[in-house]
Amino acid sequence: EQAGPEAKYILWTYHFRALATYVDNDYLRPFSRRPLAAEAFGEYLDQEPYVIGFRFGDGWLTAYDSLEETRTLQEWLLPAPPPDSFEWIARRSGELVFLLPLDDVRRDDPASSWLEQPLLTRQIIGAYDAKQPEEHYALVRFSRAFDAIVYIDRATPVQHRWGR
């Protein structure tokens, strides 16, 4: 109401909540069945959400070491993405940062139809298991899960404003 009828909202949510049924991975599946924050907020505001996925090639991640209550926040150096994953394909483009709109993806268009297929992609949910990095990958149909993708080639750890 304060911003007016033409205003848009941005809702930052972990990927597993935005992806819901688009995720096929044993580690993430229990989380993907929760109500979708973006859809619930969209219903409340009577707007269709515009879902942006964020992906990165490699670098550092700040995440908890488990989902347990005794967890600790740590910085993790992530391994390079596996061949044929979305991140691997994006790195091969040579672009360090890009925005990829997915509005016009069509099955009959060779330039974009690959985004209709299930692609292996990294899913980080705020906790990271360095002993099983492959468990943080799932098959996702990008054109169904997102309206756009922001890709950053190399991530750096979060810089906390409050110290540790």
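Refer to the structure printed above.
Small disclaimer: the values here were computed from a predicted structure and weren't measured.

Q: Which residues make up the overall build of the protein chain, and what are the values?
A: Helix and strand content of the protein chain: 5 helices and 6 strands. Going through the 164 residues of the protein chain one by one, you find that 38% of them count as buried. Working note: accessible area of the protein chain is about 10800 Å², and carbon and sulfur atoms make up 52% of it.

Q: Can you break down the pattern of salt bridges residue by residue, with the values?
A: Counted under the stated rule, the structure contains 7 salt bridges. The closest approach of N and O atoms between Arg 107 and Glu 116, which form a salt bridge, is 3.2 Å. Exposure remark for Glu 116: the relative accessible area of 11% places this residue in the buried category. A single salt-bridge network, built from bridges that share partners, covers Asp 58, Arg 91, Asp 153 and Arg 154.

Rules of the game
- Residues numbered from 1 in each chain as written.
- Predicted model: local features only at pLDDT ≥ 70, side-chain atom pairs only at ≥ 80, totals over all residues.
- Heavy atoms only, no water.
- Helix = DSSP H or I, 4+ residues; strand = E, 2+ residues; numbered from the N terminus.
- Buried < 20%, exposed > 50% of the residue type's maximum accessible area, 1.4 Å probe, protein only.
- Areas by Shrake-Rupley, 256 points an atom, 1.4 Å probe, with all protein chains shown as cover.
- Salt bridge = Lys/Arg side-chain N within 4 Å of Asp/Glu carboxyl O.

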